[in-house]
Amino acid sequence: MPSIAKNMEWWSAANTWSQAGDEWSEWWGTPRAQWTGCLLPRVFPFLRGRILEIAPGHGRWTQFLEAHCDSLIGIDLTPSCVEICTRRFKGNTRLEFKSNDGLTLPMVDEASIDFAFSFDSLVHAESDVVSSYVNELARVLKPGGVAFLHHSNLGAVRRIWWDKAKCRLFRRLYNPGWRASSMSAVKMRKFAECAGMTCVQQEIVPWGTGWPALDC
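A separate point is the overall build of the protein. A count of helical and extended segments in the protein gives eight helices and five strands. Going from the N terminus to the C terminus, the protein shows its helices and strands as α-α-β-α-β-α-β-β-α-β-α-α-α. Expressed as a percentage of its 216 residues, the buried residues of the protein come to 47%. In the protein, of all internal contacts separated by at least 6 residues, the share reaching a separation of at least 24 is 70%.

This paragraph deals with the side chain of Asp-120. In this fold, Asp-120 is placed in the loop between strand 4 (113-118) and helix 5 (127-140). Separated by 2.6 Å, the side chains of Asp-120 and Arg-60 make a polar contact.

Right, let's talk about the nonpolar core for a bit. Soluble, globular proteins show a tendency: their nonpolar side chains are buried together. Grouped together as the largest cluster of nonpolar side chains are 23 residues, with contacts concentrated most on Leu-52, Val-108, Ile-113, Val-130 and Leu-137. Taken together, the elements giving at least two residues each to this core come down to strand 1 (50-54), strand 2 (71-76), strand 4, helix 5, strand 5 (141-149) and helix 8 (185-194). Counting residues per element, this core draws most heavily on helix 5, at six residues. The residues touching Val-130, leaving out its near neighbours within four places in the chain, are Ala-125, Met-183, Met-188 and Phe-191. Counting residues in each nonpolar core, the second largest holds 19 residues, with Cys-38, Leu-65, Cys-85 and Phe-115 among its members.

Turning next to the sheet that holds strand 3 (residues 95-99). Pairing within the open sheet is parallel, and its five strands lie in the order 3-2-1-4-5. Two strands lie at the open edges of the sheet, namely strand 3 and strand 5, each paired on one side alone. When the angles between neighbouring strand axes are averaged without regard to direction, this sheet yields 20°. Both strand 4 and strand 5 contribute to a ladder of five bridges, which runs parallel. Its bridge partner lying in strand 5, Phe-117 is registered against Phe-148. Lying over the sheet, helix 4 (residues 79-88) contacts strand 2 and strand 3, oriented at roughly 165° with respect to strand 3. Against the sheet, helix 5 engages strand 1, strand 4 and strand 5, with an angle of about 145° to strand 5.

On to the pairing of strand 2, then. Burial analysis of strand 2 places six of its six residues in the buried class, the great majority of the element. A two-sided burial pattern is seen for strand 2, the buried positions comprising Ser-71, Ile-73 and Ile-75 on one face and Leu-72, Gly-74 and Asp-76 on the other. Bridge count for strand 1 against strand 2 is five bridges, and the pairing is parallel. Bridge assignment links Glu-53 to a residue of strand 2, and that residue is Gly-74. Bridging between strand 2 and strand 3 involves five bridges; their strand directions are parallel. Looking at the pairing, Ile-75 lines up with Lys-98 of strand 3. For the crossover from strand 2 across helix 4 to strand 3, the handedness is right-handed.

Quick look at a positive patch on the surface now. Residues Arg-158, Lys-187, Arg-189 and Lys-190 make up a contiguous surface patch of positive charge. In terms of residues, the positive patch owes the most to one element, helix 8, which gives three residues. Of note, Lys-187 is situated in helix 8. We classify Lys-187 as partly exposed; its relative accessible area is 32%.

Turning next to the pattern of salt bridges. The full count for this structure, using the stated rule, is eight salt bridges. Of the charged contacts in the structure, one is a salt bridge between Glu-203 and Arg-42, with a shortest N-O distance of 2.8 Å. Here Glu-203, found in the segment after helix 8, pairs with Arg-42, found in helix 2 (residues 31-43); they are 161 residues apart in sequence, far enough to count as distant. A salt bridge links Asp-215 to Arg-179; the shortest N-O distance between them is 2.7 Å. In this pair, Asp-215 is assigned in the segment after helix 8 and Arg-179 in the loop between helix 7 (168-173) and helix 8, connecting sequence segments 36 residues apart.

Procedures and definitions
Residues numbered from 1 in each chain as written. Predicted model: local features only at pLDDT ≥ 70, side-chain atom pairs only at ≥ 80, totals over all residues. Heavy atoms only, no water. Helix = DSSP H or I, 4+ residues; strand = E, 2+ residues; numbered from the N terminus. Buried < 20%, exposed > 50% of the residue type's maximum accessible area, 1.4 Å probe, protein only. Contact = heavy atoms within 4.5 Å. Polar contact = N/O pair within 3.5 Å; in protein donor to acceptor, adjacent residues only side chain to side chain. Core = buried A, V, L, I, M, F, W, Y, C linked by side-chain atoms within 4.5 Å. Pairing = 2+ DSSP bridges. Axes fitted to C-alpha atoms, helices over the stretch in contact; angles between N-to-C directions. Right-handed = clockwise from strand over helix to strand, strands pointing away. Patch = residues over 30% accessible without salt bridge, like charges linked within 9 Å, V, L, I, M, F, W, Y side chains within 5 Å. Areas by Shrake-Rupley, 256 points an atom, 1.4 Å probe, with all protein chains shown as cover. Salt bridge = Lys/Arg side-chain N within 4 Å of Asp/Glu carboxyl O. Lys, Arg positive; Asp, Glu negative; His and termini not counted. Charge placed at Lys NZ, Arg CZ, Asp CG, Glu CD.

This is a description of form; function is not addressed.
And the structure:
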């Protein structure tokens, strides 16, 4: 299970970022190709005003979000990621980056965010973390605000693989992409409902080759 401590350890390591995060868009060719072909068609109606990006890493998606916002705040668990993004986007005074505890958003004002975005990051967050962020989003989003969150669906499909063998090695091998095993699409709908929000659309998507329904 990717705990907050393990996420902090992993994403703080310099060798994790061999290409500043661009390596995770290689299947698309480049981050720009993935943004243009996959993400922008899904989010462009909501790109406006003040944007919150959860876990921007080294700014793989921030570089595209900044063109569509009046202002942007990026919140990351890892201080080194905050430092790198601050340096990378220092020429744009509309952008700011802060570190948090991996659960809450105390530095974001109530009802101040038009659009919240997180892609390729919260797939490593277990259900307790996602639930906490959903509750925080209910606080910080403006009325009519929208969040686009990419998260794990491994909790819905893991039994198919876990039942094939009981050994720890097998379970580790059958967690591709270090997905959070306690998170699922069903849980996200429940979290949103409990927070007083509505889950208006979900897409169950594969990851890589041969891993159907792994993400949402």
